[in-house]
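# Geometric and topological summary
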Amino acid sequence: LKNDWKDAVLIRLCECWKNTIAENVQSGGKMKISIIVPVYNAQLYIEKCLDSLIAQTYSNIEIICIDGGSEDHSVDILRRYAVKDKRIIVIQKCNEGVSLSRNCGLSKAIGDYVMFVDADDWIDEHSCEKAMKEIKKTDADVVMWSYVREFADSSQPKKIFEETYFCYDEEQVRQKLHRRFIGLLKEELKYVENADALCPVWGKLYKRQLLQDHQISFIDIREIGTYEDGMFNLETFYYAKKVTYMQEYFYHYRKNNVSSITSQYKEGLFTQWLRLFNRMELYISEKKLPDEYRVALNNRICLSVLGQGLNLLESREGFWEKYHKLKEIIRCPRYREAYKQFSLKYFSVHWKLFYGFAKYGITIGVYALLICVKKLIG
């Protein structure tokens with residue numbers, strides 16, 4: 001019996017070995033990329049997204065689509081595509097937000113590298129191939145690239161950095177990138193509109209082993225409101241040994257999706273962001289990070305008045321309700337404390353005026369300029 005058992009085990013091992021060899025031959029021995037796509041009511045856009053993924057010139061990919069309880073025909077479209085392309089995996093779960101959908105995708109991923117694509121966006125067909133060439137050249141833990149903002153009637157490339165290329169080692173990643181996920185410092189405040197251009201998880205390729213080794217995952221968006229991408233990257237870039245950047249515009253970020261989570265009023269955002277700031281403060285303490293991180297966090301708190309204000313304008317409440325809520329935010333002790341050290345000298349004139357009103361608690365001035373900003377950004 002023992003010999004029979006050993007023979008059965010050996011036969012099974014040989015079969016597994018043969019299957020592995022066959023898979024490697026079929027994929028050309030290439031490393032696999034897991035592309036994670038969270039989906040929620042995306043029937044108008046998901047086909048363009050999936051078409052861009054299955055058309056990748058780098059073929060050794062798996063496309064993990066996590067539907068978070070869509071109420072439209074998104075699931076039907078996903079299933080139809082899964083029949084057409086066996087690399088597509090469809091997972092259905094209840095609606096718990098994008099963070100937990102991505103975590104679900106990470107738990108199912110088997111690729112050597114991981115990429116995130118939102119269901120209403122798309123990527124160029126050479127994205128995976130060129131990113132993997134960079135991996136082969138540098139053995140980076142993270143490869144990044146730029147993106148194009150896709151409006152209804154125009155496309156606008158967005159540069160994340162002035163450099164066209166860089167490859168940073170561990171020390172440079174800490175000095176030049178990691179702190180940016182907490183907030184801006186000094187001259188960086190000149191370009192406040194780029195405060196979180198580095199933050200999205202899309203437009204990046206991650207070594208999955210790095211994420212696994214340090215148990216990196218997304219914080220539930222229902223706890224912190226937004227910036228789940230930034231917190232994911234804050235942890236990832238802390239451990240990354242090498243990061244490269246290519247000024248290539250592979251990712252296409254749709255800006256005309258009115259149903260996007262970024263364009264909806266978030267009722268509890270004020271409280272959620274206070275939780276986010278508390279998490280950042282705790283992180284700085286636990287990691288024993290330099291004092292500049294605390295200054296950067298205070299700057300983030302001060303700058304967040306813009307996001308808080310624009311969110312309020314999306315509310316259906318009347319002027320006075322919005323005004324009083326904005327006043328409550330500006331007069332909040334956490335904000336007042338942050339504004340004590342907040343310098344206006346790096347800002348252009350219009351931002352100096354806006355944040356000057358916020359710094360000195362002039363709510364009506366902040367409100368008036370918020371209306372102007374909303375009209376400018378459409």
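For the structure, see preceding data.
Residues numbered from 1 in each chain as written. Predicted model: local features only at pLDDT ≥ 70, side-chain atom pairs only at ≥ 80, totals over all residues. Heavy atoms only, no water.

## Some points on a nonpolar patch on the surface
A surface patch of nonpolar side chains, about 560 Å² in accessible area, is lined by Phe319, Trp320, Tyr360, Ile362 and Ile364. Inspection of the secondary structure assignment puts Phe319 in helix α12 (residues 319-330). (Patch = residues over 30% accessible without salt bridge, like charges linked within 9 Å, V, L, I, M, F, W, Y side chains within 5 Å. Areas by Shrake-Rupley, 256 points an atom, 1.4 Å probe, with all protein chains shown as cover. Salt bridge = Lys/Arg side-chain N within 4 Å of Asp/Glu carboxyl O. Helix = DSSP H or I, 4+ residues; strand = E, 2+ residues; numbered from the N terminus.)

## Details of the pattern of salt bridges
With the rule as written, the count across this model stands at 20 salt bridges. Notably, a salt bridge pairs Arg80 with Glu47, separated by 2.9 Å at the nearest N-O pair. Taken together, the residues span a long stretch of sequence, with Arg80 in helix α3 (residues 74-84) and Glu47 in helix α2 (residues 46-54) at a distance of 33 residues. For Arg80, a relative accessible area of 45% gives the class partly exposed. The exposure class of Glu47 is partly exposed, given its relative accessible area of 32%. (Buried < 20%, exposed > 50% of the residue type's maximum accessible area, 1.4 Å probe, protein only.)

## A few points about the state of the cysteines
Linking two cysteines covalently through their sulfur atoms gives a disulfide. Inspection of every chain in the model, using the stated rule, returns 0 disulfides. Here Cys65 is not cross-linked by a disulfide; its sulfur's nearest cysteine counterpart is in Cys49, at 7.2 Å. You can see Cys332 has no disulfide; the closest cysteine sulfur is in Cys302, sitting 11 Å from it. (Disulfide = S-S within 2.5 Å.)

## Quick look at helix α9 (residues 228-239)
Relative to the 16 Å expected for 12 residues at 1.5 Å per residue, α9 spans 18 Å between its end C-alpha atoms, a close match to the ideal helical length. In terms of burial, α9 is a largely internal element, 10 of the 12 residues being buried. Every buried residue belonging to α9 is among Glu228, Asp229, Gly230, Met231, Phe232, Asn233, Leu234, Thr236, Phe237 and Tyr238, and all of these are buried. (Expected span 1.5 Å × (residues − 1).)

## Points about the packing of α12 against helix α15 (residues 363-377)
At their nearest, the axes of α12 and α15 sit 10 Å apart, and the two run at 115 degrees to each other. Note that α12 runs across α15; the crossing there is right-handed. Seen from α12, the contacting residues are Phe319, Lys322, Tyr323, Leu326, Lys327 and Ile330; seen from α15, they are Thr363, Ile364, Val366, Tyr367 and Leu370. (Axes fitted to C-alpha atoms, helices over the stretch in contact; angles between N-to-C directions. Left-handed = near helix turned anticlockwise from the far one by under 90°. Contact = heavy atoms within 4.5 Å.)

## A look at the side chain of Asp118
Mapped onto the secondary structure, Asp118 falls in the loop between β4 (113-116) and β5 (122-123). In this structure Asp118 comes out as buried when scored by relative accessible area, which is 17%. Residues contacting Asp118, with those up to four places away along its chain left out, are Val37, Pro38, Cys49, Arg102, Trp202 and Tyr251.

## Here's the deal with the packing of aromatic side chains
Tallying each qualifying case throughout the model produces 30 aromatic pairs. Where Tyr147 meets Tyr253, the ring centres are 6.1 Å apart and the plane angle is 80 degrees; that geometry is what we call edge-to-face. Residue Tyr147 is found in strand β6 (residues 142-150), and its partner Tyr253 is found in strand β10 (residues 242-254); the two are separated by 106 residues along the sequence. The structure contains a cluster of three or more aromatic residues connected by ring pairs, namely Tyr339, Phe342, Phe347, Trp351, Phe354 and Tyr355. Of note, Lys359 hangs over the ring of Tyr360, and the distance from its end group to the ring centre comes to 6.0 Å. (Phe/Tyr/Trp six-rings, centres within 6.5 Å; stacked < 30°, edge-to-face > 60°. Lys NZ or Arg CZ within 6 Å of the ring centre and 35° of its normal.)

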